[in-house]
Amino acid sequence: MRLYAESGVSWAAIGWGPVFALVGALAELVTGGPVHVVGWLLVAAGLCVITMPWVYARRRFLSLEVTSEQLRQGREKVPAADIASVTDVGTPVGARVLGGGWSVPRKYDSLPVQLADGTVVLAWAKDVEALQDALDRLVRATPGEA
């Protein structure tokens, strides 16, 4: 059962390019100049093509999900049984960031999570309070918590 999730970015971001091209074509039409339909179609297609890898990467590496079985941050998965606490956990210097990055991604907030073996790692989310609430519910629901 899914308790919380963030996608990283919506697939709708791919539509930004065609919208930009449409605005450009309409601007040409309104100003009375020639409308370069083929050019604007190429611009729309080109912007879609260069946006797709960006959307794919953000959805793969910046998505997170808390289910009744695990916490997934990017490509890293932490089983529910390995999460000991998310309340009153201090952040030690050099704590490992979940998801494989060197630091918490920009525009994301960090949440220290104590694992069953006593180590503290940093989870991250745009809405860190919702993540903490979901992880707290997960810890309370997991049998054999530390």
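Just above sits the structure.
What counts and what doesn't
Residues numbered from 1 in each chain as written. Predicted model: local features only at pLDDT ≥ 70, side-chain atom pairs only at ≥ 80, totals over all residues. Heavy atoms only, no water. Helix = DSSP H or I, 4+ residues; strand = E, 2+ residues; numbered from the N terminus. Rg over C-alpha atoms; globule rule 2.2 N^0.38 Å. Buried < 20%, exposed > 50% of the residue type's maximum accessible area, 1.4 Å probe, protein only. Contact = heavy atoms within 4.5 Å. Areas by Shrake-Rupley, 256 points an atom, 1.4 Å probe, with all protein chains shown as cover. Lys, Arg positive; Asp, Glu negative; His and termini not counted. Charge placed at Lys NZ, Arg CZ, Asp CG, Glu CD. Pairing = 2+ DSSP bridges. Expected span 1.5 Å × (residues − 1). Arc of directions from axis to C-beta.

Colleague: For this particular structure, what's the right way to read the overall build of the protein chain?
Modeller: For the protein chain, the count of helices and strands is three helices and eight strands. The linear arrangement of helices and strands in the protein chain, starting from the amino end, is β-α-α-β-β-β-β-β-β-β-α. Against the compact-globule benchmark of 15 Å for 146 residues, the protein chain has a radius of gyration of 21 Å, which places it well outside the compact range. Along the three orthogonal principal directions, the C-alpha set of the protein chain runs to about 70 × 35 × 20 Å. Here the protein chain holds 146 residues, and the buried ones make up 38% of them. Pairs at least 24 apart in sequence give 62% of the contacts found in the protein chain among residues at least 6 apart. Of the roughly 8700 Å² of accessible surface on the protein chain, 63% is carried by carbon and sulfur atoms. When the 13 positive and 14 negative side-chain charges of the protein chain are each reduced to one mean point, those points stand 9 Å apart.

Colleague: Any chance you could explain the pairing of strand E7 (residues 109-115) here in plain terms?
Modeller: Where strand E5 (residues 83-85) meets E7, two bridges bridge the pair, whose relative direction is antiparallel. Counterpart to Ser 85 in the pairing with E7 is Gln 114. Where E7 lies against strand E8 (residues 120-125), six bridges are found, and the strand directions are antiparallel. Across the sheet, residue Gln 114 finds its bridge partner in E8, namely Val 120. Counting the residues between successive antiparallel strands, the hairpin from E7 to E8 contains four residues, one of them, Gly 118, with a positive phi of roughly 95 degrees.

Colleague: I keep staring at helix H3 (residues 128-141) and nothing clicks. Help me out?
Modeller: The periodicity of an α-helix, 3.6 residues per turn, causes residues three or four positions apart to be oriented the same way. Between the first and last C-alpha of H3 there are 20 Å, a value that for 14 residues agrees with the 20 Å anticipated at 1.5 Å per step. If you check which residues of H3 are buried, you get Val 128, Leu 131, Ala 134, Leu 135, Leu 138 and Val 139. Buried residues of H3 fall within an arc of 140 degrees about the axis and therefore sit on the same side. Those residues of H3 that are exposed and aimed more than 90 degrees away from the buried face are Glu 129, Arg 140 and Ala 141.

Colleague: Can you help me understand helix H1 (residues 16-30) in this one?
Modeller: Taking 1.5 Å per residue, 15 residues should reach 21 Å; H1 reaches 21 Å between its end C-alpha atoms and fits that length. Listed as buried for H1 are Gly 17, Ala 21, Gly 24, Ala 25 and Glu 28. Around the axis of H1, the buried residues are gathered within 95 degrees of arc, so they sit on the same side. Facing away from the buried side of H1 by over 90 degrees, the exposed positions are Trp 16, Val 19, Leu 22, Val 23, Leu 29 and Val 30. Buried residues along H1 sit against helix H2 (37-61). Directly beyond the C-terminal end of H1, a positive phi value near 85 degrees is found at Gly 32.

Colleague: Quick question: what am I supposed to make of the environment of Thr 87 here?
Modeller: Note on placement: Thr 87 falls in the loop between E5 and strand E6 (96-97). By relative accessible area, Thr 87 is classed as partly exposed at 37%. Beyond its immediate stretch of four places on either side in the chain, Thr 87 contacts Gln 132 and Asp 136.

The values are spatial; any link to function lies outside them.
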